Amino acid sequence: MPHTSPPTVVVLTALPLEYEAVRAHLGSLRTIEHDAGTWAAIGPLDDTPWQVALVQMGEGAVNAAVLTERAISWLRPQALLFVGVAGSLKKKKVKLGDVVFATKVYAYHGGRDTTEGFKVRPDSWRSSQRLDQAARHVLGTTAHFKPIAAGDVLLDSEVSAVAKHLKNHYEDAVAIEMEGNGVAHAAHLSNRVDAAVIRGISDLANGRKAKADASGSQLRAAARAAEAAFAILRDLPPLDPARQGGTAAAHETTPEPTAVYSGDHVDHRNNINYAPVVGKIVYQNPPRQN
């Protein structure tokens, strides 16, 4: 019988400490290399049907978008998770060490600057319904299911122009990071993978990031995000190719009458001659007469 590869999930990280937090959940991995030089560490997720391909992208939304698209076309995963750390935009509700499953990712830089002020032109992408439902089932109240904002700014102030912009125009975002918009956009354009962003809160975006990082908050936040990601994967069944797009019941139709090649006929099932012919088709299950 032909060899069939196990279903794949790609896990993307930006920072080395995020990569190591994810790597800690995996056993034996082998390294594979894309023709353009991108590396992935790939191996089985024990006690599940999944194999996980782990890619460290580096920082920045443009970099994230390019490498996400590359990972999808190269590794052809059923699911893709971007896992790592973020800053809180709601410090009273979303605290250090909390996990945020991004229901929506905002790219917050878009707009038009006019003499009347800045006119926002929002762009956003939602996490896949399949991963959202799996996360809600597994994580429950241990995670925040809220939007996040993403852009090429490391926010560490509550009173900066970016902070005010987010408060005025993206008030429902509870966390901020730098790559999720690139990941979400690339996954959306691929149109063939379930994708989600999962972040652990490592700072409060309030001018005290260096102090929080020195306390080990990034390591703890990355570990919490990785734990959440693998909890979801361990509960997520791979897609049955025969049932992609809905349940079996949703695809039930009245069977077509079965054509049986018997009697006087001309069989052109494997022929390339399309000239007119004379013959007959005998039905085993005759079509109903209206």
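Keep in mind that what you see is a predicted model, and the values were worked out from it rather than measured.

**Q** I'm lost on the packing of helix 2 (residues 61-75) against helix 5 (residues 180-190) in this one. Help?
**A** A pair of packed helices is captured by two measures, namely the crossing angle of their axes and the spacing between those axes. Where helix 2 meets helix 5, the axes come as close as 7 Å, and the angle between the chain directions of the two elements is 35°. Seen from above, helix 2 lies across helix 5 with right-handed handedness. Where helix 2 approaches helix 5, its residues Ala61, Ala64, Ala65, Thr68, Glu69 and Ile72 are matched on the opposing element by Asn181, Gly182, Val183, Ala186, Ala187 and Ser190. Looking at the contact of helix 2 with helix 5 residue by residue, the classes come out as 7 nonpolar, 4 polar and 1 charged.

**Q** Looking at this structure, how should I read the nonpolar core?
**A** Across soluble globular proteins, nonpolar side chains show a tendency to be buried alongside one another. One finds Val52, Leu81, Phe101, Ile198 and Leu233 to be the most contacted residues of the largest nonpolar core, which totals 36 residues. Counting residues per element, this core draws most heavily on helix 7 (residues 217-235), at 9 residues. Counting residues in hydrophobic clusters, the runner-up holds 33 residues, among them Val10, Phe82, Val94 and Val183.

**Q** Whenever I open this one, the side chain of glutamate 18 confuses me. Can you help?
**A** Looking at the element boundaries, glutamate 18 is found in helix 1 (residues 16-23). The buried category is assigned to glutamate 18, whose relative accessible area is 2%.

**Q** I keep staring at unusual backbone geometry and nothing clicks. Help me out?
**A** Look at asparagine 191: it is not a glycine, yet its phi comes out positive at around 60°. Among the structural elements, asparagine 191 can be located in the loop between helix 5 and strand 12 (194-203). The phi dihedral of alanine 205 falls on the positive side, at around 50°, and the residue is not glycine.

**Q** Just checking my understanding: could you explain the packing of helix 3 (residues 129-139) against helix 7 for this structure?
**A** One way to put it is that helix 3 packs onto helix 7 with a least axis distance of 9 Å and a crossing angle of 105°. Looking at the two axes, helix 3 sits roughly perpendicular to helix 7. On the side of helix 3, the interface is formed by Ala134, Ala135, His137, Val138 and Leu139, while helix 7 contributes Ala228, Ala231, Ile232 and Asp235. For the contact of helix 3 with helix 7, a count of residues per class yields 7 nonpolar, 1 polar and 1 charged.

**Q** When you look at helix 7 in this model, what are you seeing that I'm missing?
**A** Residues that lie three or four places apart on an α-helix share one face, since the helix turns once every 3.6 residues. Helix length check: helix 7, at 19 residues, gives a terminal C-alpha distance of 27 Å against a target of 27 Å (1.5 Å per residue), a fit within 8%. Among all positions of helix 7, only Ser217, Gln218, Ala221, Ala222, Ala225, Ala226, Ala228, Ala229, Phe230, Ile232 and Leu233 are buried.

**Q** Where do I start with the side chain of aspartate 132 in this structure?
**A** Structurally, the position occupied by aspartate 132 is in helix 3. Here aspartate 132 falls in the buried class, since its relative accessible area comes to 7%. Beyond its immediate stretch of four places on either side in the chain, aspartate 132 contacts Phe101, Thr103 and Phe145.

**Q** How should helix 1 be read in this particular structure?
**A** For helix 1, the full list of buried residues reads Glu18, Tyr19, Ala21 and Val22. All buried residues of helix 1 fall inside an arc of 160° around its axis, so they share one side. In this structure, the buried side of helix 1 is in contact with strand 1 (8-13), strand 3 (39-44), strand 4 (51-56), strand 5 (79-88), strand 12 and helix 7.

**Q** Explain the pairing of strand 7 (residues 111-114) here, please?
**A** Pairing geometry for strand 7 and strand 8 (residues 117-120), over 4 bridges, is antiparallel. Its bridge partner lying in strand 8, threonine 114 is registered against glycine 117. Connecting strand 7 to the next strand, strand 8, in antiparallel fashion are 2 residues.

**Q** How should the packing of aromatic side chains be read in this particular structure?
**A** Geometry of an aromatic ring pair is reported as the spacing of the ring centres plus the angle between the planes. Under the counting rule described, the total for this entry stands at 2 aromatic pairs. Judged by centre distance (5.5 Å) and plane angle (40°), the rings of phenylalanine 101 and phenylalanine 145 are tilted. Linking phenylalanine 101 in strand 6 (residues 99-107) with phenylalanine 145 in strand 10 (residues 143-150), this pair joins segments that are 44 residues apart in sequence. Here the basic side chain of arginine 199 rests over the ring of phenylalanine 82, its NZ or CZ set 4.2 Å away from the ring centre.

Calculation notes
Residues numbered from 1 in each chain as written. Predicted model: local features only at pLDDT ≥ 70, side-chain atom pairs only at ≥ 80, totals over all residues. Heavy atoms only, no water. Axes fitted to C-alpha atoms, helices over the stretch in contact; angles between N-to-C directions. Helix = DSSP H or I, 4+ residues; strand = E, 2+ residues; numbered from the N terminus. Left-handed = near helix turned anticlockwise from the far one by under 90°. Contact = heavy atoms within 4.5 Å. Nonpolar A, V, L, I, M, F, W, Y, C, P; charged D, E, K, R; others polar. Core = buried A, V, L, I, M, F, W, Y, C linked by side-chain atoms within 4.5 Å. Buried < 20%, exposed > 50% of the residue type's maximum accessible area, 1.4 Å probe, protein only. Parallel < 35°, antiparallel > 145°, perpendicular 65-115°, else oblique. Expected span 1.5 Å × (residues − 1). Arc of directions from axis to C-beta. Pairing = 2+ DSSP bridges. Phe/Tyr/Trp six-rings, centres within 6.5 Å; stacked < 30°, edge-to-face > 60°. Lys NZ or Arg CZ within 6 Å of the ring centre and 35° of its normal.

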